[in-house]
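The residues making up each chain are set out below.
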Amino acid sequence: MTCDEAQILLHALLDNELDAGHAREVEAHIASCPACTAELAAQREMKRVLADTKLRYTAPAGLRARIEASMPQARPQPNRRSVLRGFAMGSAVSALAASGVVAVVLRQDDQQRILSEVVSAHLRSLQAGHLIDVVSTDQHTVKPWFNGKLDVAPPVIDLTAQGFTLVGGRLDYVDARAIGAVVYRRRQHIINLFVSQTASTEHRPPKTQTMQGFNCRRWGERGLNFWAVSDIGGDELTEFVDKFEAAMKANVEG
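As the structure is a prediction and not an experimental result, all values here were calculated from the model.

Broken down by element type, the chain carries eight helices and seven strands. A fraction of 57% describes how many contacts in the chain between residues 6 or more apart in sequence connect residues 24 or more apart. Counting only carbon and sulfur atoms, one obtains 54% of the accessible surface of the chain, whose full area is about 15400 Å².

This is how it looks when you write it as structure tokens:
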């Protein structure tokens, strides 16, 4: 186990969230590594200090009254004219639905909902003990781990030489189904690459969006949907996706 791998799991070790096998690996590494021993001691001290600190905030008693006073007053009941206007708008929406415009809006809303779930899954993974189910920098260890756990195992590509270190993988849940998450590290930043199966085989070019301070680059290829999420800059995330796509294409052609 390397220092990078051990430091990912230190929080989980402190919170007793590791299984026996991983706990023994981390403890064995710490016993032989002064730097990780010092890091563990620092994290243990920080945990103690936070536990002794009263961080809970009690709101002033008059806050509720001020909030209620600032809220808008109840709206009056609609008159006959506004009701008729509502019916007219309803008819217009029905006409738009017949032309397919509303269907497009619904699809866009669905995409935003899934993007929100992907970002939430990324945030959950950053909590202690939730990042990795299989810890390895070897793609030939990570990829077989997914076999039998998903209908289609996600592609796992070693990009260490390109500056993106493979650190493992895990199962996650997005849109009420299990998907694979391949985990990379860029310096001290985590990149989660979420991969799910789709019925569409068409190529969807990469598109970058930002949500909750995280960059997300999504694309579709060969019956798979991809979402790469991280707090690294958009240009670095684009570089990661470009290198991943190039390597995946080379593997298919090879």
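Now that the structure has been shown, the text picks up again.
Moving on: the pairing of strand β3 (residues 177-186). If a strand is regular, its side chains alternate between the two faces of the sheet. Counting buried positions over the ten residues of β3 gives eight, a clear majority of the element. Hairpin connection from strand β2 (residues 165-174) to β3: two residues lie between these consecutive antiparallel strands, with D175 at a positive phi of about 55 degrees. Sheet topology places β3 next to strand β4 (residues 189-197); seven bridges connect them, and they run antiparallel. Across the sheet, residue G180 finds its bridge partner in β4, namely V195. If you look at the hairpin formed by β3 and β4, you'll find two residues sitting between the two strands, and R187 has a positive phi there, around 55 degrees.

Three or four residues apart is the spacing at which side chains of an α-helix point the same way, because the helix has 3.6 residues per turn. Here helix α2 (residues 20-32) is 13 residues long and its end C-alpha atoms lie 19 Å apart, about the 18 Å a rise of 1.5 Å per residue gives. By the burial criterion, the buried members of α2 are H22, A23, V26, H29 and I30. Buried residues in α2, looked at end-on, bunch into an arc of 130 degrees, giving them a common side. Those residues of α2 that are exposed and aimed more than 90 degrees away from the buried face are R24, A31 and S32.

The next point concerns the pattern of salt bridges. Side chains that differ in charge, positive against negative, can pair when their charged atoms come close. The full count for this structure, using the stated rule, is eight salt bridges. Between R113 and E117 there is a salt bridge; the shortest N-O distance is 3.0 Å. Here E117 and R113 lie together in helix α6 (residues 101-125), a separation of four residues that amounts to about one turn. For E117, a relative accessible area of 26% puts it in the partly exposed group. The closest approach of N and O atoms between R222 and E221, which form a salt bridge, is 3.7 Å.

Read across the open sheet, the seven strands follow the order β1-β2-β3-β4-β7-β6-β5; overall the sheet is antiparallel. Each of the sheet's edge strands pairs with one partner strand only, and the pair in question is β1 (134-135) and β5 (204-211). In the sheet, β1 pairs with β2 via two bridges, with the strands oriented antiparallel. Bridge assignment links V134 to a residue of β2, and that residue is G169.

Each aromatic ring pair is summarised here by two numbers: the centre-to-centre distance and the angle between the ring planes. Enumeration according to the criterion identifies seven aromatic pairs in this entry. When the ring of F164 is compared with that of F240, the centres are 5.3 Å apart and the planes differ by 65 degrees; the resulting orientation is edge-to-face. Within this pair, whereas F164 is found in the loop between α7 (139-146) and β2, its partner F240 is found in helix α8 (residues 234-253), the two being separated by 76 residues in sequence. In this structure F164 comes out as buried when scored by relative accessible area, which is 0%.

Attention shifts here to the state of the cysteines. For the structure shown, the criterion picks out zero disulfides. There is no disulfide at C36, and the cysteine sulfur nearest it, in C33, is 3.6 Å away.

Moving on, we come to the nonpolar core. Counting residues in each nonpolar core, the largest one holds 26 residues, and the members touching the most others are L159, Y184, L193, F226, F240 and F244. Listed by contribution, the elements that provide at least two residues to this core are α7, β3, β4, β7 (224-230) and α8. Considering every element that reaches this core, the biggest residue donor is α8, with six residues. Leave out the neighbours within four places in its chain, and F226 touches P155, L193, F194, V195, R217, R218, W219, E221, F244 and M248.

Cut-offs used in this document
- Residues numbered from 1 in each chain as written.
- Predicted model: local features only at pLDDT ≥ 70, side-chain atom pairs only at ≥ 80, totals over all residues.
- Heavy atoms only, no water.
- Helix = DSSP H or I, 4+ residues; strand = E, 2+ residues; numbered from the N terminus.
- Contact = heavy atoms within 4.5 Å.
- Areas by Shrake-Rupley, 256 points an atom, 1.4 Å probe, with all protein chains shown as cover.
- Buried < 20%, exposed > 50% of the residue type's maximum accessible area, 1.4 Å probe, protein only.
- Pairing = 2+ DSSP bridges.
- Expected span 1.5 Å × (residues − 1).
- Arc of directions from axis to C-beta.
- Salt bridge = Lys/Arg side-chain N within 4 Å of Asp/Glu carboxyl O.
- Phe/Tyr/Trp six-rings, centres within 6.5 Å; stacked < 30°, edge-to-face > 60°.
- Disulfide = S-S within 2.5 Å.
- Core = buried A, V, L, I, M, F, W, Y, C linked by side-chain atoms within 4.5 Å.

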